[in-house]
Amino acid sequence: MSKALKAKDQLVRILVPAGKAAPTPPVGPALGARGVKSMDFCKEFNARTAHIEPGVPTPTLITVEPDRTFSFITKTPPTTYLLKKTAGIEKGTGRPGHEVTGTISLKHVYEVAKIKAKDAHLKHLKLESIASTVIGTARSLGLQVVP
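The following paragraphs examine the structure supplied in this document. (Residues numbered from 1 in each chain as written. Predicted model: local features only at pLDDT ≥ 70, side-chain atom pairs only at ≥ 80, totals over all residues. Heavy atoms only, no water.)

1. Remarks on the overall build of the protein chain
For the protein chain, the helix and strand inventory stands at five helices and five strands. Principal axes of the C-alpha set define a box for the protein chain whose edges measure 65 × 30 × 30 Å. In the protein chain, which comprises 147 residues, the share counted as buried stands at 32%. Summarising the internal contacts of the protein chain: among those between residues at least 6 apart in sequence, 63% fall at separations of at least 24. Looking at the protein chain as shown, the accessible area adds up to about 9400 Å², and 56% of this sits on carbon and sulfur atoms. Across the protein chain, the mean location of the 22 positive side-chain charges is 3 Å away from that of the 11 negative side-chain charges. (Helix = DSSP H or I, 4+ residues; strand = E, 2+ residues; numbered from the N terminus. Buried < 20%, exposed > 50% of the residue type's maximum accessible area, 1.4 Å probe, protein only. Contact = heavy atoms within 4.5 Å. Areas by Shrake-Rupley, 256 points an atom, 1.4 Å probe, with all protein chains shown as cover. Lys, Arg positive; Asp, Glu negative; His and termini not counted. Charge placed at Lys NZ, Arg CZ, Asp CG, Glu CD.)

2. Things to note about the pattern of salt bridges
Scanning all chains against the criterion turns up three salt bridges. One salt bridge connects Glu44 with Arg48, and the closest N-O pair in it is separated by 3.1 Å. Of this pair, Glu44 and Arg48 are both found in helix H2 (residues 38-48), four residues apart, which corresponds to roughly one turn of the helix. Residue Arg48 is classed as partly exposed on the basis of its relative accessible area, which comes to 38%. With a closest N to O distance of 3.7 Å, Asp119 and Lys116 form a salt bridge. The pair formed by Asp119 and Lys116 is uniform in burial state, with each residue classed as buried. (Salt bridge = Lys/Arg side-chain N within 4 Å of Asp/Glu carboxyl O.)

3. Here's the deal with unusual backbone geometry
With an omega dihedral of 5°, the bond running from Pro25 to Pro26 counts as a cis peptide bond. Examined against the element boundaries, Pro26 turns out to sit in the loop between strand S1 (10-17) and helix H1 (27-32). A positive phi angle is found at Arg68, which is not glycine, with a value near 70°. Of note, Arg68 is situated in the loop between strand S2 (57-64) and strand S3 (70-74).

4. Things to note about helix H5 (residues 127-140)
Because an α-helix packs 3.6 residues into every turn, residues spaced three or four apart end up facing the same way. With 14 residues, H5 extends 20 Å from end C-alpha to end C-alpha; this agrees with the ideal 20 Å at 1.5 Å per step. Residues Ile130, Ala131, Val134, Ile135 and Ala138 constitute the buried set of H5. For H5, the angular spread of buried residues about the axis comes to 145°, placing them on one side. Structurally, H5 contributes buried residues whose contacts are with helix H3 (79-87), helix H4 (106-116) and strand S5 (143-146). Positive phi appears at Gly142, one or two residues downstream of H5, with a value of about 90°. (Expected span 1.5 Å × (residues − 1). Arc of directions from axis to C-beta.)

5. Points about the nonpolar core
Counting residues in hydrophobic clusters, the biggest one holds 15 residues, and the most contacted among them are Leu83, Ile104, Val109, Val112, Ala113, Val134 and Leu143. When residues of this core are traced back to their parent elements, those giving at least two are H3, H4 and H5. The element contributing the most residues to this core is H5, with five residues. Each residue touching Val112, except ones within four places of it in the same chain, is listed here: Thr79, Leu82, Leu83, Thr86 and Val134. Listed in part, the 14 residues of the second largest apolar core include Val16, Ala30, Phe41 and Ile62. (Core = buried A, V, L, I, M, F, W, Y, C linked by side-chain atoms within 4.5 Å.)

What follows is the structure, encoded as structure tokens:
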């Protein structure tokens, strides 16, 4: 006879608009395949993100346990979203380094870095190092950082 294998927790990573979670794709198929009721997740997610502006993309880590219960962690919006909103552009350039789509000040870079510093995986980093990664992301979007 084989030993009974211990079931493991499953991790689901999805990007959901704040306050607008619905059991449609991407939420429904991602959770339905793991036996979780997506409507329960949507109600709890929308309640937890009610303080955020509706429609802001929110990275979410959902842990599905073997008994089909779940817990989730929401993170701050993606850096590219924050930079595009700050610069007032719709999308980045197709040729980073060659075309400039807009400009952003160093003050705005540090404000985005302060928002990103709230994430658990960035808590141990200095604000300057987070700001340098924000500058790199800005350059890849075609934004010029001015002092």
